[in-house]
Amino acid sequence: MSDTGKAGADYLTASYSKSKGESIVYSAVLAAGALVIFGVPRAPVISLILALAAVAIAIYHWPYVARERRAIAITPAGIMIDRLGLLPWNAISDVHLFERYVRMIRNAELRIALRRPLDSAIENTPATGMIGRYMYRCWAVLSPQEIAIKLSTLDARPEAVEAAVRRHMHRPV
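An account of the accompanying structure is given in this report. (Residues numbered from 1 in each chain as written. Predicted model: local features only at pLDDT ≥ 70, side-chain atom pairs only at ≥ 80, totals over all residues. Heavy atoms only, no water.)

**Topic: the nonpolar core**
Turning to step 1, where the next piece is worked out: By size, the foremost hydrophobic cluster in this structure holds 35 residues, and its most contacted members are Ile72, Leu87, Ile112 and Ile149.
Turning to step 2, where the next piece is worked out: Breaking this core down by element, the ones donating at least two residues are strand E2 (11–15), strand E3 (70–75), strand E4 (78–81), strand E6 (92–102), strand E7 (105–114), helix H3 (118–121), strand E9 (146–150) and helix H4 (158–169).
Turning to step 3, where the next piece is worked out: In contact with Leu87, other than residues within four places in its own chain, are Ala77, Gly78, Ile79, Ile81, Ile92, Ile112, Leu114, Leu118, Ala121, Ile122 and Ile147. (Core = buried A, V, L, I, M, F, W, Y, C linked by side-chain atoms within 4.5 Å. Buried < 20%, exposed > 50% of the residue type's maximum accessible area, 1.4 Å probe, protein only. Helix = DSSP H or I, 4+ residues; strand = E, 2+ residues; numbered from the N terminus. Contact = heavy atoms within 4.5 Å.)

Printed below as a string of structure tokens:
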């Protein structure tokens, strides 16, 4: 779940929603195991290829089930985004909540407009391993000066995330 601290105004964190990805990860692991156990004696090459595909699906969705993995953290220093780094408040020019509905399913994104290109705006870029580069991430680069954070995959309400960002955006640093 998301949590707030220091009278609810200083920070908000959101993790990946376990309910949205657990079934994918565990089903893929189960399918890979079944393919290895039951398929290899009958058709070894095809079974191993399909098992590797199932393992790849499980690895891609692993952030959903990883414990204590925070997707975003809104702090007085800026917005810390998983596997991207810290976006300081002075690099953010505007944010808005963008919503789409697909068959009554809400897909919310927080679109962040930057004052400078993303490469120069990011601070404290974390080291990402080779496998980590191919795992699911909650953000996407829309243009050199705009990113989108997919809030529908997180465990915090989109309105709460937007409100926390707006509270910090125009504060003097």
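**Re helix H1 (residues 18–39)**
Turning to step 1, where the next piece is worked out: End to end, H1 covers 30 Å across 22 residues, agreeing with the expected 32 Å (1.5 Å per residue, within 8%).
Turning to step 2, where the next piece is worked out: Among all positions in H1, only Gly21, Val25, Ala28, Ala32 and Gly39 are buried. All buried residues of H1 fall inside an arc of 120 degrees around its axis, so they share one side. What points out from H1, more than 90 degrees from its buried face, is the exposed set Ser19, Leu30, Ile37 and Phe38.
Turning to step 3, where the next piece is worked out: Buried positions along H1 lie against helix H2 (44–60). (Expected span 1.5 Å × (residues − 1). Arc of directions from axis to C-beta.)

**Here's the deal with the pattern of salt bridges**
Turning to step 1, where the next piece is worked out: Inspection of every chain in the model, using the stated rule, returns 8 salt bridges.
Turning to step 2, where the next piece is worked out: As a salt-bridge pair, Asp82 and Arg83 come within 3.5 Å of each other at their nearest N and O atoms. Arg83 carries the same exposure label as Asp82, and that label is buried.
Turning to step 3, where the next piece is worked out: Glu159 is the salt-bridge partner of Arg106, the closest N and O atoms lying 2.5 Å from each other. Note that Arg106 is positioned in strand E7 and Glu159 in helix H4, a separation of 53 residues in sequence. (Salt bridge = Lys/Arg side-chain N within 4 Å of Asp/Glu carboxyl O.)

**Describing the environment of Ala31**
Turning to step 1, where the next piece is worked out: With respect to the helices and strands, the residue Ala31 is situated in helix H1.
Turning to step 2, where the next piece is worked out: With relative accessibility at 34%, the residue Ala31 sits in the partly exposed group.
Turning to step 3, where the next piece is worked out: For the pair Ala31 and Leu50, spaced 19 residues apart in sequence, the C-alpha separation works out to 9.0 Å.

**Observations concerning the pairing of E9**
Turning to step 1, where the next piece is worked out: Note that E7 and E9 share 5 bridges and pair antiparallel. Counterpart to Leu110 in the pairing with E9 is Ile149.
Turning to step 2, where the next piece is worked out: As defined by bridge partners, strand E8 (residues 139–143) adjoins E9 across 4 bridges and the pair is classed as antiparallel. By the bridge assignment for E9, Ala140 is matched with Ala148.
Turning to step 3, where the next piece is worked out: Between the end of E8 and the start of E9, which pair antiparallel, lie 2 residues. (Pairing = 2+ DSSP bridges.)

**A few points about the side chain of Ser17**
Turning to step 1, where the next piece is worked out: Tracing the sequence through the fold places Ser17 in the loop between E2 and H1.
Turning to step 2, where the next piece is worked out: Residue classification places Ser17 among the buried residues on the basis of a relative accessible area of 9%.
Turning to step 3, where the next piece is worked out: Not counting the four nearest positions on each side in its chain, Ser17 is found in contact with Tyr64, Thr153, Leu154 and Asp155.

**Focus on H4**
Along an α-helix, a turn takes 3.6 residues, which lines up residues three or four apart on a common side.
Turning to step 1, where the next piece is worked out: With 12 residues, H4 extends 16 Å from end C-alpha to end C-alpha; this agrees with the ideal 16 Å at 1.5 Å per step.
Turning to step 2, where the next piece is worked out: By the burial criterion, the buried members of H4 are Pro158, Val161, Glu162, Ala164, Val165, His168 and Met169. Buried residues of H4 fall within an arc of 160 degrees about the axis and therefore sit on the same side.
Turning to step 3, where the next piece is worked out: In this fold, the buried residues of H4 make contact with E2, E3, E4, E6 and E7.

Scope: geometric values only; no functional claims are made or implied.
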